[in-house]
Amino acid sequence: MGKRKRAKKTEAGNDISDIKNGKEEHFYLDPHGKLQPLPQKLAKYWHQRFSLFSKFDEGIRIDEEGWYSVTPEKIAAHISERCKCDVIVDAFCGVGGNAIQFARTCNTVLAIDIDPQKIACARRNAELYGVSERIEFIVGDFFELAPSINADTVFLSPPWGGPSYNQQEWFGLDSMDVDGFELFKCARSISPNIAYFLPRNIDWYQLADLPNLDSSSSHSQLCEYEEMYLNDRLKCVTVYFGSLVEI
């Protein structure tokens, strides 16, 4: 039987590694604050954990989907600077990466997710960053909640359908778990100021069509496409609409 050695446990308790039979195992805190082994399919994300949350080893909670869907902290911080306003909606807040940064540049953040476990993670993570008092966490469906929301800006980071999105040459707005066109129309019913966070291989032609979805709309037809890099690698894109456009 191979030797098993446990590395020193940090004070927060979620940055733990094991050496078992010569293979390294990692553990993280789930939405309930319990240690869980990181599945092998997610092992590559372990080395990116501090780019996702700089406070990762202080007690960050995350679910499996969060490992590959949370916005890297530096990118989230940049987007939050572009989206400074009074009230912003994070329509798919997940485990809170973007909401935490928005709370630093906006007075109020409406953080919405249909999954209560993700909201539990986001709430805890916001507490670790000391910004929870500026965030209203809402468990619900953005499409259903939209008619009752008043906000200056809407941030859209819908689920892309998992890491497999990167295997496509061009990723369509209709390839996501939600209809990307209908999502944009729903967001624009709240505000013309929208930041749309999308894969780096998004279909540009579809993006160009978004401002023209409603020919009767008085909203600006301009949009700004911004490539987001981390460590000199293109990670994703953010498309800005309304007063967020800087061109």
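What comes next is a walk through the structure. (Residues numbered from 1 in each chain as written. Predicted model: local features only at pLDDT ≥ 70, side-chain atom pairs only at ≥ 80, totals over all residues. Heavy atoms only, no water.)

Once that is clear, we can look at the packing of aromatic side chains. Where two aromatic rings form a pair, the distance of their centres and the angle of their planes describe that pair. Going through the model one piece at a time under the given rule, you end up with 15 aromatic pairs. A ring pair is formed by phenylalanine 56 and tryptophan 67, whose centres lie 5.6 Å apart and whose planes are at 55°; its orientation type is tilted. Placement of the pair is phenylalanine 56 in the loop between helix H2 (49-52) and helix H3 (64-69) and tryptophan 67 in helix H3, with a sequence separation of 11 residues. For the pair shown, phenylalanine 56 and tryptophan 67 are each scored as buried. Three or more aromatic residues joined by ring pairs make a cluster, and in this case those are Tyr28, Trp46, Phe50, Phe56 and Trp67. Geometry around tyrosine 129 places lysine 55 over its ring, the cationic atom sitting 5.7 Å from the centre. (Phe/Tyr/Trp six-rings, centres within 6.5 Å; stacked < 30°, edge-to-face > 60°. Helix = DSSP H or I, 4+ residues; strand = E, 2+ residues; numbered from the N terminus. Buried < 20%, exposed > 50% of the residue type's maximum accessible area, 1.4 Å probe, protein only. Lys NZ or Arg CZ within 6 Å of the ring centre and 35° of its normal.)

Attention shifts here to helix H5 (residues 97-105). A large share of H5 lies buried, amounting to eight of its nine residues. Within H5, the full set of buried residues consists of Gly97, Asn98, Ala99, Ile100, Gln101, Phe102, Ala103 and Thr105. On its buried face, H5 sits against helix H4 (73-82), strand E5 (87-90), strand E6 (108-113), helix H6 (116-128), strand E7 (135-139) and strand E8 (153-156). (Contact = heavy atoms within 4.5 Å.)

Non-glycine residue asparagine 231 carries a positive phi angle of around 55°. Assignment of secondary structure puts asparagine 231 in the loop between strand E10 (223-230) and strand E11 (233-241). Its identity as a non-glycine residue notwithstanding, aspartate 232 has a phi of 65°, on the positive side. For aspartate 232, the location among the structural elements is in the loop between E10 and E11.

The next thing to look at is the layout of surface pockets. Taken as a whole, the second largest pocket encloses approximately 180 Å³ of empty space. Every residue lining the second largest pocket is counted, 10 residues in all, and those nearest its centre are Glu24, Glu25, His26, Leu38 and Gln40. Looking at the lining of the second largest pocket residue by residue, the classes come out as four nonpolar, three polar and three charged. (1 Å grid on protein atoms, 1.4 Å probe; cavity = no way out; pocket = protein on both sides within 12 Å on 5 of 7 lines; lining within 4 Å. Points joined across faces, edges and corners; volume = space filled by probe spheres on them. Nonpolar A, V, L, I, M, F, W, Y, C, P; charged D, E, K, R; others polar.)

Our focus in this paragraph is the packing of H4 against H5. Taken N-terminus to C-terminus, the directions of H4 and H5 make an angle of 40°; their axes are 8 Å apart at the nearest point. Looking at the two axes, H4 sits oblique to H5. Crossing angle aside, the handedness with which H4 passes H5 is right-handed. Residue-level contacts link Glu73, Ala76, Ala77, Ile79, Ser80 and Glu81 of H4 to Gly97, Asn98, Gln101, Phe102 and Thr105 of H5. (Axes fitted to C-alpha atoms, helices over the stretch in contact; angles between N-to-C directions. Parallel < 35°, antiparallel > 145°, perpendicular 65-115°, else oblique. Left-handed = near helix turned anticlockwise from the far one by under 90°.)

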